[in-house]
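Here are the chains, one letter per residue:
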Amino acid sequence: MIRYSNKKDSTFITISQYLWGSGEMYSVGCFLILFIITISEAKSLPKTSDKCRVLLGDDLINEISSYQNIKEDIFKYVMEGEFKSKTYDELEKFVDMFGSRMSGSQVLEDSIDYMIKLTQDEDLTDIVTEELEVPHWVREQEKITMLEPRSKNIAVLGLGRSVSTPPEGVTSDVVVFSSFEEFDDAPIEYVEGKIVLFNAIYTTYGETSSYRTQGAARAAEKGAVASLVRSITPFSINSPHTGSQYYSENVTKIPTAAITLEDADLINRFYNRGEKVVLNIKMQSSFETKTSRNTLIDLKGTKNPEKLVIVSGHIDSWDVGQGAMDDGGGLFVSWAAPIILKRLNLRPKRTVRAIFWTAEELGLIGAYAYAEKHKNESHNINFIMESDEGTFAPRGLSVAGTQEARCIIAEILKLFESINASTLVETNSPGSDITVIVKDGVPGASLHNANENYFWFHHTEGDTMNVENPEELDLCTAFWTAVAYIIADISVDIPR
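Figured I'd write up the structure that's included with this text.

Criteria and cut-off values
Residues numbered from 1 in each chain as written. Predicted model: local features only at pLDDT ≥ 70, side-chain atom pairs only at ≥ 80, totals over all residues. Heavy atoms only, no water. Buried < 20%, exposed > 50% of the residue type's maximum accessible area, 1.4 Å probe, protein only. Helix = DSSP H or I, 4+ residues; strand = E, 2+ residues; numbered from the N terminus. Pairing = 2+ DSSP bridges. Polar contact = N/O pair within 3.5 Å; in protein donor to acceptor, adjacent residues only side chain to side chain. Contact = heavy atoms within 4.5 Å. Salt bridge = Lys/Arg side-chain N within 4 Å of Asp/Glu carboxyl O. Expected span 1.5 Å × (residues − 1). Bend = angle between axes of the 7 residues up to and from the residue. Disulfide = S-S within 2.5 Å. Phe/Tyr/Trp six-rings, centres within 6.5 Å; stacked < 30°, edge-to-face > 60°.

**Thoughts on the pairing of strand β6 (residues 195–198)**
- Burial along β6 is two-sided: I195 and L197 and V196 and F198, pointing in opposite directions, are all buried.
- Both strand β5 (residues 170–177) and β6 contribute to a ladder of four bridges, which runs parallel. Within the sheet, the bridge partner assigned to F177 lies in β6 and is F198.
- As defined by bridge partners, β6 adjoins strand β7 (residues 226–230) across four bridges and the pair is classed as parallel. Directly across from L197, in β7, lies its bridge partner L228.

**Section: the side chain of N280**
- Secondary-structure assignment places N280 in strand β9 (residues 278–299).
- Among the polar contacts listed, one links the side chain of N280 to the side chain of T171, at a separation of 2.7 Å.
- Among residues more than four places away in sequence, those in contact with N280 are K143, I144, T145, L147, E168, G169, V170 and T171.

**As for the pattern of salt bridges**
- This model, assessed by the stated rule, comprises 27 salt bridges.
- Where E72 meets K71, a salt bridge forms, and the shortest distance between an N and an O atom there is 3.0 Å.
- Using a relative accessible area of 35% as the deciding quantity, one classes E72 as partly exposed.
- In this structure, R353 and D298 form a salt bridge, with 2.7 Å as the shortest nitrogen-oxygen distance.

**Thoughts on helix α2 (residues 49–65)**
- Relative to the 24 Å expected for 17 residues at 1.5 Å per residue, α2 spans just 15 Å between its end C-alpha atoms, considerably shorter than the ideal helical length.
- Most pronounced at G57, the bend in α2 amounts to some 95°.
- Every buried residue of α2 is listed here: C52, L56, L60, I61, E63 and I64.
- Where α2 is buried, its residues meet α13 (403–413).

**Let's talk about the state of the cysteines**
- Applying the stated rule across the entire model yields one disulfide.
- Between the sulfur atoms of C52 and its disulfide mate C407 the distance is 2.0 Å. Judged by the torsion about the S-S bond (-75°), the C52/C407 disulfide is left-handed. One end of the pair, C52, is in helix α2; the other, C407, is in helix α13, and 355 residues separate them in sequence.
- The class for C52 is buried, based on a relative accessible area of 2%.

**Describing helix α10 (residues 261–272)**
- Taking 1.5 Å per residue, twelve residues should reach 16 Å; α10 reaches 16 Å between its end C-alpha atoms and fits that length.
- If you check which residues of α10 are buried, you get L261, D263, A264, L266, I267, N268 and F270.

**A look at the packing of aromatic side chains**
- On inspection of all chains with the given rule, the structure shows 21 aromatic pairs.
- Seen from their ring centres, F180 and Y211 are 4.2 Å apart, and the 25° between their planes marks the pair as stacked. With F180 in helix α6 (residues 180–185) and Y211 in helix α9 (residues 210–221), the pair connects residues that are 31 residues apart, well separated along the chain. Across the pair, Y211 and F180 agree in class, each one buried.
- On the numbers, 4.4 Å between centres and 20° between planes, the contact of Y205 with F455 is stacked. Of the two residues, Y205 is situated in helix α8 (residues 205–208) and F455 in helix α15 (residues 454–457); the sequence distance between them amounts to 250 residues. Exposure class is identical for Y205 and F455. Each is buried.
- Ring pairing ties together the aromatic residues F177, F180, F183, Y190, F198 and Y211, which thus form one cluster.

Structure follows, in C-alpha cells:
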C-alpha cells in the first residue's frame, strides 16, 4: 500500500473507556503527503461514554447489543465451521498463482479475472467492473556500485516512476543528510552535481516516508543528479524497500531509489569521517499507461439496497515480493464478507459492497476513478471500510466521522471485547484508498490490527505468505464480516 495509519501513528482508547501526468500527478502526490502527515496527527477519542449514551439513546444501544448472537454465529462459522482457514487457503492459492501484481500488468488483469470467477463460483453474481487508465511503470536494470573509498555492490530498489539514468549510469560524489532541515540549510553549490542520500532514521511511517515521496523532487531543486533514500523501515536484513515518489512541476526529474539501512549507514560512516564516497548508479525503466479495472461485488440489501456499506482492499501490489500482506490479506477479507453473509443467509437491510481497488500503489488511481464516477452517489455510502495495513490479530477500527458516528461504531466494537478487538482509534484519514472518499465527509474506518512488524516486510521481497497466519486471518475475516453486517443492518444510518 502506499502508506499509512499504523502505517501511521495514532493514539487510541479502548471502548470500555468509552492520473498522473506532471501537474495532475503532482497534486495527487501533494494530497498523499498531506494525508500521511494527517494520519500521524490522529488523536485519542475522549472518554465519552456518558456523551455517547446521550447521543445514541438506550434504544439504539440495546439494539446494537442484540447483535451478539449473530456476531457469534459468524465467528463460529469462520473459526470452527466450513469457512475455517478458507480465507488463508484462497489467499495462498492466489498469491502462489499470480505473485506480484503491478499496476498495468497482464498479471494484474488475470488476477482480477480470477477473483471474479472465484466469486461467481460462490453463486454471487452481482459483479461489475469499471475500466480506467492506470500507470504501468516497469523496473528493468538496477545497479549501484560504490567506487570509492572501496568497491562494493549496493542493494537497491528504484522508487515508483523513477526516470532512467543514461546507459553508462550516473557517477558522482555522495552528500548525506539526516533530515530535510539539514538539507535546506545546505548551499546549492554543495548539492549541485552530487548524489543526495537522505539517511533519516525511521520514527513513524507517516513522518519518515516523506523522504521517499519528496526526496527526489527536493534534491533536484538544488541540482542533484540523483537521490537515494534510506529504506522506510525500522528493521532490515539488508533488504531495500520500494514505494512511490512524486516529481514536482518545473523541476528536472532525476533517478531515485531506496537502499538498505545497512548500506545507508555504511555510506554515512564514511561521509562522517570525511572520506570521499563515489557511486555509480545505473537504472533503467519504462513507463506507459494501460487499462485496468476496479471490481465491485454486491450483496444487495433487503430494505435499502441503494445504501452501501463498503468493504475493500487493493488487488495490485508492488513488483517485489508477492503482495500477500500488502494487500492480499485485505483483498481476501473483503472478498469473504459478502460470501460468508450469503452462505449464512444473512441479508442486511443495506447493500454490502466489496471493492477491489486497482492501481493503489502508484497513487490511489482506482480510488480516484471510483470517486469521480460515483460522485453523485456518495450520499448513499453509509459507511466505507478498508484493510490495507496488514491482517494480523484484529484490535479494532481506526474511524473517521462525527462524534455520533464514532459512538455508534464504539458500541458495535463492544461486541468484540472477547477477542480483544474493541479498540477505536480516532483519525480523520483512515486507510489509503478510502481517504479519497472519507475526505468529503463520508464516515469510514480501516482495520486496526497488531501489525507492529508490518514495516519489516512492507514493499520488499519479504512480502510473502510466510508473514500470514491462518488463525489471525480467520479472526480478521470474522471481525470484518460481522462489523460490516451490523453496520449494514441496524435501524439507523451512520450520521455525517
